Amino acid sequence: ILTLAVQGKLVPQDPADEPASVLLERICEEKARLVKAGKIRKERPLAAIAAEEKPFALPVGWEWVRLGAVAKKITDGTHHSPLNTASGEFKYISAKNIKPWGVELSDVTYVTREVHEEIYARCDPELGDVLYIKDGATTGVVTVNPLAEPFSMLSSVALIKPSCGLRSDYLALVMASPVFYGEMRAGMTGVAITRVTLAKLINATLPLPPLHEQSRIVARVEELMALCDALE
């Protein structure tokens, strides 16, 4: 289902939809405004996507893009595991808490306000951001953050803030697909713990459809996944 979705074969295209090329222009304008306002840092230009990086042809109106080009921010949690306890002021989220359906809080631990503020200054997950496990055996598990409260994260989880024109639920769907998973698992670094680097995430390629088609794809995937659950 996810493979068909990212190939544009799950729902019909609508010629009346605003093409993804226009979305990209709007994303560039938004990021330029945020840089000017000091909200995000100016990024290095990303390399053009070569033909061999495109695993399949896209429908008319779609574009191949790099994740870093359509995200306002890509970072990860703290690389220095702080003291975390069974109770405290701010939740401390690691890979064990990230599930395809959301954030599992039954075994969550906590950190102090001082520790949280230090971590949150660099990695600030908000409601609707995308959370992606990038280290260890469960690499590739992705979800849309359902928590409306600030919390701290460990570096095993990457934070992706989509720009305007990119739905979080569509992005999570792409990142959960076999196509994206294969790209990320290829040449993973690390010996004891394999990991996907932030640089690899930033340069990852993904298919970007028109915004209205993103909505139709997400709705259709949810419908088919519910049917699969019912059949199971």
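What counts, and at which threshold
Residues numbered from 1 in each chain as written. Predicted model: local features only at pLDDT ≥ 70, side-chain atom pairs only at ≥ 80, totals over all residues. Heavy atoms only, no water. Helix = DSSP H or I, 4+ residues; strand = E, 2+ residues; numbered from the N terminus. Rg over C-alpha atoms; globule rule 2.2 N^0.38 Å. Buried < 20%, exposed > 50% of the residue type's maximum accessible area, 1.4 Å probe, protein only. Areas by Shrake-Rupley, 256 points an atom, 1.4 Å probe, with all protein chains shown as cover. Polar contact = N/O pair within 3.5 Å; in protein donor to acceptor, adjacent residues only side chain to side chain. Contact = heavy atoms within 4.5 Å. Expected span 1.5 Å × (residues − 1). Arc of directions from axis to C-beta. Salt bridge = Lys/Arg side-chain N within 4 Å of Asp/Glu carboxyl O. Pairing = 2+ DSSP bridges.

Caption draft 1: Quick peek at the overall build of the chain. Helix and strand counts for the chain stand at seven helices and 11 strands. The C-alpha radius of gyration computed for the chain amounts to 18 Å, which stays within 12% of the reference 17 Å derived for 232 residues, consistent with globular compactness. For the chain, the spread of C-alpha atoms along the principal axes amounts to about 55 × 50 × 35 Å. With 232 residues in all, the chain has 45% of them scored as buried. Carbon and sulfur atoms make up 57% of the accessible area of the chain, which totals about 12000 Å².

Caption draft 2: A look at the side chain of Thr-143. With respect to the helices and strands, the residue Thr-143 is situated in strand S8 (residues 142-144). Of note is the side chain of Thr-143, whose polar atom sits 3.3 Å from the backbone oxygen of Lys-99. In terms of polar contacts, Thr-143 uses its side chain to reach the backbone carbonyl oxygen of Pro-100, at 3.5 Å. What Thr-143 contacts, discounting residues up to four positions off in sequence, is Ile-98, Lys-99, Pro-100, Trp-101, Gly-102, Asp-129, Val-130 and Leu-131.

Caption draft 3: Looking closely at helix H2 (residues 20-36). Under the 1.5 Å per step criterion, the end-to-end length of H2 is 24 Å for 17 residues, consistent within 8% with the ideal 24 Å. Within the sequence span of H2, burial applies to Ala-20, Leu-23, Ile-27, Glu-30, Lys-31 and Leu-34. With its buried residues spanning 95 degrees around the axis, H2 presents them on a single face. In H2, the exposed positions angled more than 90 degrees off the buried face are occupied by Glu-25, Cys-28, Arg-33 and Lys-36. Elements in contact with the buried residues of H2: strand S1 (63-66), strand S2 (71-76), strand S11 (205-208) and helix H7 (211-231). The positive-phi residue at the C-terminal boundary of H2 is Gly-38, with phi of around 80 degrees.

Caption draft 4: Seen up close, the pattern of salt bridges. Counted by the stated rule, this structure contains 16 salt bridges. Residue Lys-134 is joined to Asp-76 by a salt bridge in which the shortest nitrogen-to-oxygen separation is 3.2 Å. Residue Lys-134 is found in the loop between strand S7 (130-133) and S8, and its partner Asp-76 is found in strand S2; the two are separated by 58 residues along the sequence. Asp-76 shares its class with Lys-134; the two are buried. Asp-135 is the partner of Arg-195 in a salt bridge, and the nearest nitrogen-oxygen pair spans 3.6 Å. Taken as a pair, Arg-195 in the loop between helix H5 (178-185) and helix H6 (198-203) and Asp-135 in the loop between S7 and S8 lie far apart in primary sequence, 60 residues in all. On the basis of relative accessible area, Arg-195 is assigned to the partly exposed category, the value being 34%. Taking relative accessible area as the criterion, Asp-135 reaches 10% and is therefore assigned buried. Put simply, Asp-76, Arg-122, Lys-134, Asp-135 and Arg-195 are held in one network by salt bridges that share partners.

Caption draft 5: Focus on the environment of Pro-55. Secondary-structure assignment places Pro-55 in the loop between H2 and S1. Residues Pro-55 and Thr-205, spaced 150 residues apart in sequence, show a C-alpha to C-alpha distance of 9.7 Å. Those residues within four positions of Pro-55 in sequence are excluded, and the remaining contacts are Trp-64 and Val-179.

Caption draft 6: Spotlight on the pairing of S7. Alternating residues of S7 divide into Val-130 and Tyr-132 and Leu-131 and Ile-133, and every residue in both groups is buried. Judged from the three bridges that link them, S7 and S8 form a sheet pairing that is antiparallel. Note that in S8 the partner of Val-130 across the bridge is Val-144. As defined by bridge partners, S7 adjoins strand S10 (residues 157-162) across four bridges and the pair is classed as antiparallel. Looking at S10, one finds that Val-130 is bridged to Ile-160.

Caption draft 7: Representation of the pairing of S11 within the structure. Burial along S11 is two-sided: Thr-205 and Pro-207 and Leu-206 and Leu-208, pointing in opposite directions, are all buried. Pairing of S1 with S11 involves four bridges; the strand directions are antiparallel. When the sheet's bridge partners are listed, Trp-64 is paired in S11 with Pro-207.

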